[in-house]
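Fold and geometry: a report
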Amino acid sequence: MKPLFNPHFNCFFAFLFCAFCGLANAVEVSRFDLDRETLLSGQQIELNGSWWFSFGEHVPINELRSKIEAGQIGTLNVPQPWNDAVAELTDNPYQHGSATYALPLRIPRNLGFAISLNVSYIAGGYRLYWLPAGSNESIIIGTSGDWQSGAYTGIESESYSFTGESEGLLIAHITKQNMYKGGIRQPISIQRSEFFHRADSQNWVVRGILIGSLFVMSLHYLVQYRFSRDNLSTLLLSILCFAAALRSASTAGFIELFVQQWTVNHFLLTIKTEYLSLVLLPVSYFIFLNYMLPRIVPKFIIYFAVLSWLIASLLTIYLPAPLISKYLDAYLLFLSFWSAAVIVVMVVGVLRKLRFSWQIFISSLILGAGGVNDVIASRSSTHNIYLVEYVFFIFLFFQAQLVGQQLRDSLSRSNRLSKEKEDLQQAHSKALMESHHDHLTGLANRTGLKKLEDSFEFSDSEKGVTTGVVMLDLDYFKHINDTYGHDIGDEILVYVASLLHGYSLRISDFKCRYGGEEFLLILPGASLDRAEEMAESLRSRLENSIAYSDNKITLKVTASFGVAVHHSGKGVKLKEAIIAADKALYRAKNRGRNCVSL
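Below or above, wherever it landed, is the structure these notes cover.

1. A look at the overall build of the protein chain
A count of helical and extended segments in the protein chain gives 17 helices and 18 strands. For the protein chain, the residues scored as buried account for 49% of the 598 residues in total. Considering only intrachain contacts with a sequence separation of at least 6, the fraction spanning at least 24 residues in the protein chain is 75%. For the protein chain, the computed accessible surface area is about 30400 Å², with 59% contributed by carbon and sulfur atoms.

Dropping the structure here:
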């Protein structure tokens, strides 16, 4: 790896740093003399105070004591990012580089119980050593991330079994190549292992439940989208939950924990997963907003958002990790651009008073407050509470409520449309039926007859099948209308229709009001003799029944019948058989009425 500084300037940098911090023998370094009772009680002892500090290199362990004695090592208060202290020593805006920390420490002998060295968060790769007093042989306590190049960041929270007894130096070699402030930013502590692991297990359980819930939410909304493809918000919310779960799993160390047994590149996989989730979150939320708050931006911007995410994701996957760290500004620009786009969409939605705009805006303010808190925590040496994971979970809960409301509205609208469609279909069926039936008698009308004729033409392929046709016309019906009125005439028509309805006809037999007082029967499968027999039976029943009766009058009617037959497969249309029956009817009229004619 290329040295960060020219060796010819090491002395000059050391001089500057000593001038800034004071010479070693002039500045007192915190010394921790731990006692057995405090450790036995389970109390967490934070190693806060002034540590030996040297920026620009990993001071070799066997040279560290001599450099401290020679006053070549400065000091720095811990916890505290090194950025401000080393600003003059590097022109990199993120103060990338390597550093050495050391702290004098004395631990009682023969404790009788295990103790742990707990590292909350160091924004870089690091290795911890224990250098016993009077010895140049160090013991490696633990390593996290890429401690030599800083390409991979260590796990957020680590615990190491600490077997050092008696007096010595606790040493940390740290290298940072990321956007975060470097150094020991949260307290390193020592605690009885039993108590630490109990608290640490609770923390892992809480975070595991949180991350697991995000994955379950992602799967839940993906399944919802599977069954409601028209609602894209469920798919977008699923992607948001998945990205948030990936982000939390990578920063918490879950991904590294699970994959390190299968690959040596677990550091690389962890950091790439974190960056992939970072580029996915703002873009997916931008698209989600444009679905929840429609018609704010044109579609080509949505397509551009998807394209930019694809490019950023592919670069993150295929570029080496050191190169990704080198171009952190490009990632920050990407995040800033789409975060600004999200803010613009929310503000425009609020100004246009779009539905859900205020709820989205308020939930985003809550998320923003959590983000501001984490930024402050990343820069502060006293405020070390990070909330964005938990706040983001609340934020996604708000979005889920909005999507649920949208789904309920969609379902309600769908049910309403289905009901309207059903009503329209029923109305259409009723209108269609009415258009094919006579409104007075309930029998089919001429339109219904035309439909029957068309069906006969379509299916007239089987030869030898006969269809009887019977046409009847009430005798002297005009006289009845003129003498007793049309109302009584209508009553008689209804009576004749009921006689046809009640006669022993088959379901397939067709009954039609052909004209004013004319009726038509189509009898599929009936021969001419059978049709004549049925016509005679109807004539006789009508003649011997009372068609109308009230307190004043009692009326009987007769009818004349014409009978014909249709033969299939002979190229003769049903219409021609009806015409033949009509002619036969007129022959019956000419014969004196109240008779059947063929």
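Still to come is the rest of the account.
2. Concerning helix α10 (residues 328–351)
Relative to the 34 Å expected for 24 residues at 1.5 Å per residue, α10 spans 34 Å between its end C-alpha atoms, a close match to the ideal helical length. Backbone geometry just downstream of α10 places Lys353 in the positive-phi region, at approximately 60 degrees.

3. Here's the deal with the sheet that holds strand β18 (residues 596–597)
One open sheet holds the five strands; their spatial order is β13-β14-β12-β17-β18, and the pairing between them is mixed. Of all the strands in the sheet, just β13 (510–513) and β18 have a single pairing partner and so form its edges. Sheet topology places β13 next to strand β14 (residues 518–524); four bridges connect them, and they run antiparallel. From the neighbouring strand, Lys511 faces β14, where its bridge partner is Leu521. Most of the contacts of helix α15 (residues 486–502) go to strand β12 (residues 466–474), to which it runs at about 155 degrees, and overall it touches β12, β13 and β14.

4. Observations concerning the packing of aromatic side chains
The final tally for this structure, using the stated rule, is 13 aromatic pairs. With 5.8 Å between their ring centres and 20 degrees between their planes, Tyr285 and Phe288 make a pair best called stacked. Remark: Phe288 and Tyr285 occur in helix α7 (residues 266–292); sequence separation between them is three residues, near one turn of the helix. Phe288 matches Tyr285 in its accessibility class, with the two residues each being buried. Judged by centre distance (5.8 Å) and plane angle (40 degrees), the rings of Phe304 and Trp338 are tilted.

5. Considerations on the packing of helix α4 (residues 193–227) against helix α5 (residues 232–252)
Contact pair α4 / α5: the axes reach a minimum separation of 8 Å and the direction vectors enclose 160 degrees. When the interaxial angle is binned, α4 and α5 end up roughly antiparallel. Both α4 and α5 take part in a crossing whose hand is left-handed. Classifying every residue of the contact of α4 with α5 by side-chain character gives 18 nonpolar, six polar and one charged.

6. Focus: a nonpolar patch on the surface
On the surface, Trp358, Ile362, Ile366, Ile394 and Phe398 cluster together into a nonpolar patch covering about 460 Å² of accessible area. For the nonpolar patch, the secondary-structure elements that each account for two or more residues are α11 (357–379) and α12 (388–436). Residue contributions to the nonpolar patch peak at three residues, all from α11. Take Phe398: it is sitting in helix α12. Accessibility expressed as a relative area gives 35% for Phe398, which makes it partly exposed.

7. What about the sheet that holds strand β9 (residues 158–162)?
Strands sit in the order β2-β11-β6-β9 across an open sheet of four strands; the sheet is antiparallel. The sheet is open, and its two edges are formed by β2 (45–46) and β9, each paired on a single side. As paired elements, strand β6 (residues 115–119) and strand β11 (residues 188–192) share five bridges and run antiparallel to each other. In the sheet register, Ser116 faces β11, and the bridge partner there is Gln191. Contacting β6, β9 and β11, α4 runs over the sheet at an angle of about 110 degrees to β11.

8. What about the environment of Ser193?
Along the polypeptide, Ser193 turns up in helix α4. Residue class for Ser193 comes out buried when judged on its relative accessible area of 9%. For Ser193 and Ser159, which are 34 residues apart along the polypeptide, the C-alpha to C-alpha distance reads 9.0 Å. In contact with Ser193, not counting residues within four places along its chain, are Ala114, Ile115 and Ser116. A distance of 2.7 Å separates polar atoms of two side chains, one belonging to Ser193 and the other to Ser116.

9. Points about helix α14 (residues 477–484)
Looking at α14, one finds that the buried residues are Phe477, Ile480 and Asn481. Buried residues of α14 fall within an arc of 95 degrees about the axis and therefore sit on the same side. Residues of α14 that are exposed and point more than 90 degrees away from the buried face comprise Lys478, His479 and Asp482. Buried positions along α14 lie against β12, α15 and β16 (554–555). Downstream of α14 by a residue or two, Gly485 has a phi angle that is positive, lying close to 100 degrees.

About the thresholds
- Residues numbered from 1 in each chain as written.
- Predicted model: local features only at pLDDT ≥ 70, side-chain atom pairs only at ≥ 80, totals over all residues.
- Heavy atoms only, no water.
- Helix = DSSP H or I, 4+ residues; strand = E, 2+ residues; numbered from the N terminus.
- Buried < 20%, exposed > 50% of the residue type's maximum accessible area, 1.4 Å probe, protein only.
- Contact = heavy atoms within 4.5 Å.
- Areas by Shrake-Rupley, 256 points an atom, 1.4 Å probe, with all protein chains shown as cover.
- Expected span 1.5 Å × (residues − 1).
- Pairing = 2+ DSSP bridges.
- Axes fitted to C-alpha atoms, helices over the stretch in contact; angles between N-to-C directions.
- Phe/Tyr/Trp six-rings, centres within 6.5 Å; stacked < 30°, edge-to-face > 60°.
- Parallel < 35°, antiparallel > 145°, perpendicular 65-115°, else oblique.
- Left-handed = near helix turned anticlockwise from the far one by under 90°.
- Nonpolar A, V, L, I, M, F, W, Y, C, P; charged D, E, K, R; others polar.
- Patch = residues over 30% accessible without salt bridge, like charges linked within 9 Å, V, L, I, M, F, W, Y side chains within 5 Å.
- Salt bridge = Lys/Arg side-chain N within 4 Å of Asp/Glu carboxyl O.
- Polar contact = N/O pair within 3.5 Å; in protein donor to acceptor, adjacent residues only side chain to side chain.
- Arc of directions from axis to C-beta.

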